[in-house]
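# Analysis of the macromolecular model
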Amino acid sequence: MPGSASMSENYKHFPTDVGIVAIDVYFPSQYVEQAELEQYDGVSTGKYTIGLGQDKMGFCTDREDINSLCLTVVERLMHKLEGHIGYESIGRVEVGTETIVDKSKSVKSVLMQLFEESENTDLEGIDTTNACYGGTAALFNAINWIESSSWDGRYALVVAGDIAVYATGNALVFDRRARGIHMQHVYDFYKPDLASEYPVVDGKLSVQCYQHALDMCYERYSRRAKEEGFKVESSLIDIADGLLFHSPYCKLVQKSFARVMANDFLTDKNPDFQGRYAGLEDFRDIQLDQCYFDKEVEKAFMTASKPLFEEKTRRSTLLGNQVGNMYTPSLYGGLVSHLMSHTIEELAGQRIVLFSYGSGLAASMFSLRISEDTSKFSALQVLYSCLSDVKPRLESRQKSSPKEFDRIMKLREDTHNKAPYVPVGSTDTLFPGTWYLTGIDSMHRRSYARVPASPTKVTNGQTMSTVEPTPMDTTKQRKRKTEDETGCSSVKMSSPISMTDDSSLVTVASVISPSAIFEASVAKQSSILEASSQSGVTAKLSQS
């Protein structure tokens, strides 16, 4: 319990400007065209491409599981930061996932093999699970650790990952105390059959729960944002340069943006019917909890909000559109999409509002501010450089036919939880540096290997490939071979990762710490910031 000092007195001693230093993302190296899948599945044209707002869907073979995904993203991120932040500098590792391959052993414990050479076993944190919300809970856990008396001055690494199958010193700084939370007991999406990868889904109920949670988080976040002094007017949309949502499918994101406008409209004491709210006069007295499926209301607000949606949210749907539903990393894939779809000058000084949702249910709305410093070796420049390979990786994926996709999904279904088992999928299609499953023995113990990868450097704020080891490669070699030094997409921060619709794997990792530490690190090792960097999205959090 707090001592006799008032909350306001204690508050000034809290670490400030806790945020993301680097972020990275990993997605599968193969995809299926949704238009072709519509024909193969025998559904109406546009059901996936228009109804869900999705063009491509990533998926993985039996060679990848949740452990290999997280190994890949973490090692890739750490390689990009080599010479700047090392494994020995991490004090907490949090994993958010709903993909379970073991009911006891955590994914975090599997990641510990990456820390062996640094001999760092002093790491707090563990896995967190609640549908798509686990990544956000992991992020909040990391932030709370840094702001607590338990924090020892090191960075926190947050990983969000899933496989989705249906039957000053900081670049990004979180707004303190501005969180809207809503928790509720409901069966909208759940996985009661532990012998199957497939969920049980009540689609209509899930959409209703999502919208209700959004309304509740809107009200609570708005109230706290006003208390913190950065939401003066009634409109939440106006304070946000980017408004990002958990994205089971892209069309829901657009509907959610319209829902936020509806909330703004109903809380505005003097709505502008000549401008933003033109044509909405007849909806002044609607009750949001009575119109979850009211098509007239939905259409009216989607039409009215479309220009603002295009400006503030559309670009955040890039990965969702190209990869599919990512489950836990979904929201953070949206954050990566927003960052990589703007110039660094456009990003400087932005405030991003994020809505996270996990079925069952758990939801949060929170916000972060992007640094205004775009100078060489600034935190924002480092983070932005880590994302430069995401689009090239998206474009280099291999297209698979719906028939091949169906075959692989059937193989995954038939071999789920099988032991012993030796995967049969080819490793030739995997991205360089990707970890993959080599086998499961009779005791269900999993073994992994890694596709060799050439290092990637961050030099003068730009990423470039190289086959030569960097100075840090030769002075801080790991026990693995030099050629095996990279190949993970990871994000260092408390961030969730989500998966794609029918079957895709995505992982995100990020690092959190105080900006004072990050600033010292930049000043001390600015020359080494030109060190290696691998494809993916990385994010670090720090505080001053």
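Residues numbered from 1 in each chain as written. Predicted model: local features only at pLDDT ≥ 70, side-chain atom pairs only at ≥ 80, totals over all residues. Heavy atoms only, no water.

Secondary structure assignment for the chain yields 17 helices and 20 strands. Residues classed as buried in the chain amount to 59% of the 544 residues present. (Helix = DSSP H or I, 4+ residues; strand = E, 2+ residues; numbered from the N terminus. Buried < 20%, exposed > 50% of the residue type's maximum accessible area, 1.4 Å probe, protein only.)

Gly360 connects to Leu361 through a cis peptide bond whose omega is 5 degrees. Along the chain, Leu361 falls in the loop between strand 12 (351-358) and strand 13 (362-370). Geometrically, the link from Ala419 to Pro420 is a cis peptide bond, its omega value of -5 degrees lying close to zero. On the secondary structure map, Pro420 appears in the loop between helix 15 (402-415) and strand 15 (435-440). For Glu119, which is not glycine, the phi torsion reads 60 degrees and is therefore positive. Along the polypeptide, Glu119 turns up in the loop between helix 4 (107-111) and strand 6 (127-128). Among the residues examined, Glu119 registers a relative accessible area of 69% and is labelled exposed. A positive phi angle, near 45 degrees, is found at Ala131, a position not held by glycine. Mapped onto the fold, Ala131 is located in the loop between strand 6 and helix 5 (134-146). Taking relative accessible area as the criterion, Ala131 reaches 13% and is therefore assigned buried.

Another point: the pairing of strand 5 (residues 90-96). Within strand 5, 7 of the 7 residues are buried, which leaves it mostly tucked inside the rest of the structure. With 2 bridges connecting them, strand 5 and strand 6 associate as parallel partners. Along strand 6, the bridge assignment pairs Gly96 with Thr128. (Pairing = 2+ DSSP bridges.)

Turning our attention to a negative patch on the surface. On the surface, Glu281, Asp282, Asp294 and Glu296 cluster together to form a negatively charged patch. Turning to its location among the elements, Asp282 is positioned in the loop between helix 8 (250-267) and helix 9 (295-312). A relative accessible area of 74% means that Asp282 is categorised as exposed. (Patch = residues over 30% accessible without salt bridge, like charges linked within 9 Å, V, L, I, M, F, W, Y side chains within 5 Å. Areas by Shrake-Rupley, 256 points an atom, 1.4 Å probe, with all protein chains shown as cover. Salt bridge = Lys/Arg side-chain N within 4 Å of Asp/Glu carboxyl O. Lys, Arg positive; Asp, Glu negative; His and termini not counted. Charge placed at Lys NZ, Arg CZ, Asp CG, Glu CD.)

A complete count under the given rule lists 16 aromatic pairs for this structure. Ring centres of Tyr187 and Tyr190 lie 4.9 Å apart, and the angle between their planes is 65 degrees; on these two criteria the pair is classed as edge-to-face. Stacked on the ring of Phe140, the Lys or Arg Arg179 has its end atom at 3.8 Å from the ring centre. Of note, Arg351 hangs over the ring of Phe230, and the distance from its end group to the ring centre comes to 4.0 Å. (Phe/Tyr/Trp six-rings, centres within 6.5 Å; stacked < 30°, edge-to-face > 60°. Lys NZ or Arg CZ within 6 Å of the ring centre and 35° of its normal.)

Let us look at the side chain of Ser68. Examined against the element boundaries, Ser68 turns out to sit in helix 3 (residues 66-80). Using a relative accessible area of 0% as the deciding quantity, one classes Ser68 as buried. Not counting the four nearest positions on each side in its chain, Ser68 is found in contact with Arg63, Trp435, Tyr436 and Tyr448. (Contact = heavy atoms within 4.5 Å.)

Once that is clear, we can look at the pattern of salt bridges. Going through the model one piece at a time under the given rule, you end up with 26 salt bridges. With a shortest N-O distance of 2.8 Å, Glu404 and Arg407 are connected by a salt bridge. Here the residue Glu404 and the residue Arg407 both occupy positions in helix 15, the gap between them amounting to 3 residues, near one helical turn. With its nearest N and O atoms 2.8 Å apart, the salt bridge here joins Asp414 to Lys410. With Asp414 and Lys410 both in helix 15 and 4 residues apart, this pair spans about one turn of that helix. Taking the relative accessible area as the measure of exposure, Asp414 reaches 48% and is therefore partly exposed. Judged by its relative accessible area of 44%, Lys410 is partly exposed.

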